[in-house]
Amino acid sequence: MSHTLHRRGTLESLKNDYVVFAMSAKGVNEVASSAKMKRFLEIVNRFGPVNLGDMRTGNRYITTEQEIVDKTRDTSIVHGVFDNRESLIQALKALKDEDMGISVIVSGLLGDVRECCREAGLKRHTCETSLGIWGKTERLPDEDILRFTTMCGHGQVPFNLIKKMIAEVKEGRLTVREAAEEMAKPCQCGVFNPKRAEAMLEEILCLWGIRVA
Amino acid sequence: MKVDEAKCVGCGRCVSYCTMGAIGFVKDPYGRVCADVNQDECVDCGVCFRADICTGKALFEPAPVWPRSVRGTFSNPLIEHKETRVPGRGTEEMKTNDVTGRFKTGEAGMAIEMGRPGTGAFFRDIEKVAMAIASLGEIHFEPKNPITTLMVDQNSGKMNPELMNEKVLSAIIEMTVPLERVQEIIGAVKEVTREISTVCSFDLTCKVHPGDETPAFDLAGEAGVASTPNGKTNVGLGRPFFVEEATR
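Quick word on the interface of chain A and chain B
Argument step 1. Opposite the 64 residues of chain A that make contact, chain B presents 69 residues.
Argument step 2. Elements with a contribution of two residues or more to the side of chain A that touches chain B: helix H1 (11-14), helix H4 (85-98), strand S5 (103-109), helix H5 (110-119), strand S6 (126-135), helix H6 (143-149) and helix H7 (159-170) of chain A.
Argument step 3. The dominant element in the side of chain A that touches chain B, judged by the number of residues it contributes, is S6(A), at 10 residues.
Argument step 4. Considering only residue class, the side of chain A that touches chain B consists of 29 nonpolar, 25 polar and 10 charged.
Argument step 5. When S6(A) meets strand S11 (residues 199-207) of chain B, the two strands line up antiparallel, connected through eight bridges. Considered in S11(B), the bridge of Trp134(A) is made with Cys200(B).

Pasting the structure below:
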């Protein structure tokens, strides 16, 4: 379950896209970990995340932050998304100081995250990378669309929704921000970065026609 | 997912919320246009239902019956697998490695995420890839992964034959191998993915080795497969519940 791996995009668009999340190991340090998950969310929330969520409860765009915090359980996986490295570093420092003993994972550019860890006084334990997409890649939509949909690793953001949102903005029915937030809704975990989506929408709007095939 | 024709007003709002592009339109016996879900292609992810956009409240999910029930458990992240107690498709993999010590120095975690991104995979394709990898010999698929539990023979990678026509949003074939086998697995995946009807995303995990190195990534590069600049980092805040064996 690598739900924050395989985010696609140019180096520029992957900058300032950091997902930080926490979970307990089932059957190992799981018991009574929900209080730690709550604490994790409270800490992350202090540093201005652009999204927040727990897979079961949902994300900031479909429920309230309070509900996300209140409903954490020992088996929860809790997430926050930052759009700048300074917030990530500050959050990592605060999590280090809290010393809760549960696993914390950061998704982002690996070299950059290594530096952020160093600045926060942390040493990387394990890394995961993507070796790309294999097989019948001709079945995939344009890379412009994949840059949005791959922000939800559970595949809950449909290709057609992105095309629809592009059309809605171009026809003046939604603002770029509204369209980006609508895209973020189906990503139950809250790892979709709506700020990145806004920036990418602005970038590609001129390239797509109203009738998006 | 199904559509109650009596309630559907044919507005088409659900179409954009289908992860598989499986919603089209038909005419009912009275000539009214109504949404229709292609049941072979639908993976029961529940996205259209949860989006709460159906004007007539016509979308409904029938109670899951084996073998179709696997569609929802692999495609809807709100459903927890009984085997792993982790919602979604896979395991904790590297996310809790600082606590569990699952991936050790000298090892690599490798996973093939069938159907990702957004294309979905039938079990016949999942089996094809699993069997190609298993044929290399001495492959130990991750026992906690739900795909492994659906194999009738873990030595050959053969899946339960009842599942062949079932489609899921994605499913992960997952294993831990010694570093010296990384390139061999990459070669096998390269070959077999020429024969599948869908896509897959390939994951590579490596514990950070002495000197802040990730040798598995270097091995992939030497095999001609570039790893992406972005990825996941376990930042080591978990308190270990294991003692690592001597470095290999």
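Description of helix H8 (residues 176-184) of chain A
Argument step 1. Looking at H8(A), one finds that the buried residues are Ala179(A), Ala180(A), Glu182(A), Met183(A) and Ala184(A).
Argument step 2. Next to the buried residues of H8(A) lie strand S2 (51-54), strand S3 (58-59), H6, H7 and helix H9 (194-204) of chain A.

Describing the nonpolar core
Argument step 1. Counting residues in each nonpolar core, the largest one holds 127 residues, and the members touching the most others are Val20(A), Met183(A), Ile126(B), Val129(B) and Ile173(B).
Argument step 2. Looking at this core, the element that brings in the most residues is helix H4 (residues 123-134) of chain B, giving seven residues.
Argument step 3. Discounting residues that sit within four places of it in the chain, Val129(B) has contacts with Ile112(B), Met114(B), Ile173(B), Val192(B), Ile196(B) and Cys200(B).

Section: the pairing of strand S1 (residues 18-23) of chain A
Side chains on a regular strand alternate between the two faces of the sheet.
All names here are of chain A.
Argument step 1. Within S1, six of the six residues are buried, which leaves it mostly tucked inside the rest of the structure.
Argument step 2. Residues Tyr18, Val20 and Ala22 of S1 are buried on one face, and the alternating residues Val19, Phe21 and Met23, pointing to the opposite face, are buried as well.
Argument step 3. Sheet topology note: the S1/strand S4 (residues 77-82) ladder contains six bridges and is antiparallel. Paired with Met23 across the strands is Ile77, a residue of S4.

A few points about the domain arrangement of chain A
Residues and elements named next belong to chain A.
Argument step 1. Segmenting chain A into domains produces domain 1 (11-119) and domain 2 (137-207).
Argument step 2. Centre-to-centre separation of domain 1 and domain 2, based on C-alpha positions: 23 Å.
Argument step 3. The interface of domain 1 with domain 2 comprises 17 residues on the first partner and 15 residues on the second.
Argument step 4. Among the secondary structure elements, those contributing two or more residues to the side of domain 1 that touches domain 2 are S2, S3 and S4.
Argument step 5. Grouping the amino acids of the side of domain 1 that touches domain 2 by side-chain chemistry returns eight nonpolar, six polar and three charged.

Calculation notes
Residues numbered from 1 in each chain as written. Chains lettered and ligands numbered in written order. Predicted model: local features only at pLDDT ≥ 70, side-chain atom pairs only at ≥ 80, totals over all residues. Contact = placed C-beta atoms within 7 Å. Helix = DSSP H or I, 4+ residues; strand = E, 2+ residues; numbered from the N terminus. Nonpolar A, V, L, I, M, F, W, Y, C, P; charged D, E, K, R; others polar. Pairing = 2+ DSSP bridges. Buried ≥ 20, exposed ≤ 12 C-beta atoms within 10 Å, placed from the backbone. Core = buried A, V, L, I, M, F, W, Y, C linked by C-beta atoms within 7 Å. Domains from an automatic or database assignment.

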